[in-house]
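Summary of structural features
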Amino acid sequence: MNKWYCKKQDKPITFFDTKNYFEASYEQFDINYKALYHIIDERRERFPDEIKDIAEDSLAIKIQNALSLGLKMQERDRTYIKPIYSARIKDISWVIPLHIFNSIIEEPELVLVVYKSDIFWEIKTVLPYDDEVKDRIINLALYQQMW
């Protein structure tokens with residue numbers, strides 16, 4: 001008998017209770033001034049240097065467009081919006097690519113972090129699309145490709 005033979009089959013670890021894809025419509029989002037202010041003013045240091053000087057209203061439009069486009073892309077490809085684990089809230093959040101100057105076929109400069117609060121989804125913050133964020137995305141979806 002082979003000593004490596006094992007009758008017990010371990011299942012992969014999962015962080016999801018139900019479905020592991022994002023599902024929401026634009027109407028289910030609470031896009032409020034507080035969230036946009038947090039991203040555009042309070043987290044401006046997270047933006048790449050070439051983006052830091054863009055006017056606030058232009059960034060607000062880019063954020064809303066990224067959300068709208070992300071939701072449309074998600075309808076066609078359920079892996080477009082990626083899950084990440086938030087140690088702060090000890091739950092899964094989701095990231096949507098935010099392209100400011102880069103085209104949609106390039107890597108995004110930033111990602112929008114969204115989370116479901118009660119009945120509405122909220123844009124919580126923005127993160128630079130760097131190696132740390134890429135690692136957090138890969139940790140929950142080892143065999144999926146990046147954007």
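All of the points below concern the structure found in this document. Given the structure is predicted, the values throughout are model-derived calculations rather than measurements.

Close approach of charged atoms allows side chains with opposite charge to pair. Tallied over the entire structure, the rule returns five salt bridges. One salt bridge in this structure joins D49 and K52, with 3.4 Å as the shortest N-O distance. With its nearest N and O atoms 3.2 Å apart, the salt bridge here joins R76 to E75. Comparing R76 with E75, the two get one shared label, exposed.

Read from one edge of the open sheet, five strands run β1-β5-β4-β3-β2, paired in mixed fashion. Strands at the two margins of the open sheet, each flanked by one partner only, are β1 (29–30) and β2 (82–86). In this sheet, strand β4 (residues 110–117) lies alongside strand β3 (residues 91–98) in antiparallel orientation, the contact comprising five bridges. Counterpart to I96 in the pairing with β4 is L112.

A separate point is the pairing of β4. Sheet analysis places β4 next to strand β5 (residues 120–128), joined by eight bridges and oriented antiparallel. Looking at the pairing, V111 lines up with L127 of β5. Taken together, β4 and the strand that follows it, β5, pair antiparallel across an intervening segment of two residues, in which D118 is found at a positive phi of about 55 degrees.

When its volume is computed, the largest pocket comes out at roughly 510 Å³. What lines the largest pocket is a set of 22 residues, and nearest its centre among them are H38, R88, V113, K124 and T125. If you list the elements that add at least two residues to the lining of the largest pocket, you get α1 (33–42), β2, β4 and β5. When residues in the lining of the largest pocket are grouped by element, the largest group, five residues, is from β5. Taken together, the residues of the lining of the largest pocket sort by class into nine nonpolar, five polar and eight charged.

Rules behind the numbers
Residue positions within a chain follow its written sequence, with the count starting from 1. Only residues with pLDDT of at least 70 are given local features in this predicted model, and only at 80 or more are side-chain atom pairs given and counted; all residues enter the totals for whole chains, interfaces and linings. Excluding hydrogens and water, the side-chain values take into account all heavy atoms of the structure. We define a salt bridge as a side-chain nitrogen of Lys or Arg found within 4 Å of a carboxyl oxygen belonging to Asp or Glu. A 1.4 Å probe rolled over the protein chains alone gives each residue an accessible area, and that area as a share of the maximum for its type sets the label: buried under 20%, exposed over 50%, partly exposed in between. Think of it this way: DSSP has to see at least two bridges between two strands before they count as a pair. Counting from the N terminus, the helices are DSSP H or I runs at least four residues long and the strands are E runs at least two residues long. Here the term cavity refers to a set of points on a 1 Å grid, laid over the protein atoms alone, in which a 1.4 Å probe fits but cannot get out; the term pocket refers to an open set having protein on both sides within 12 Å along at least five of seven lines, with lining residues being those that place an atom within 4 Å of a point. Grid points are joined across faces, edges and corners, and a volume is the space filled by probe spheres set on the points. Ten residues, namely Ala, Val, Leu, Ile, Met, Phe, Trp, Tyr, Cys and Pro, are considered nonpolar, four, namely Asp, Glu, Lys and Arg, are considered charged, and the remaining ones, Gly among them, are considered polar.

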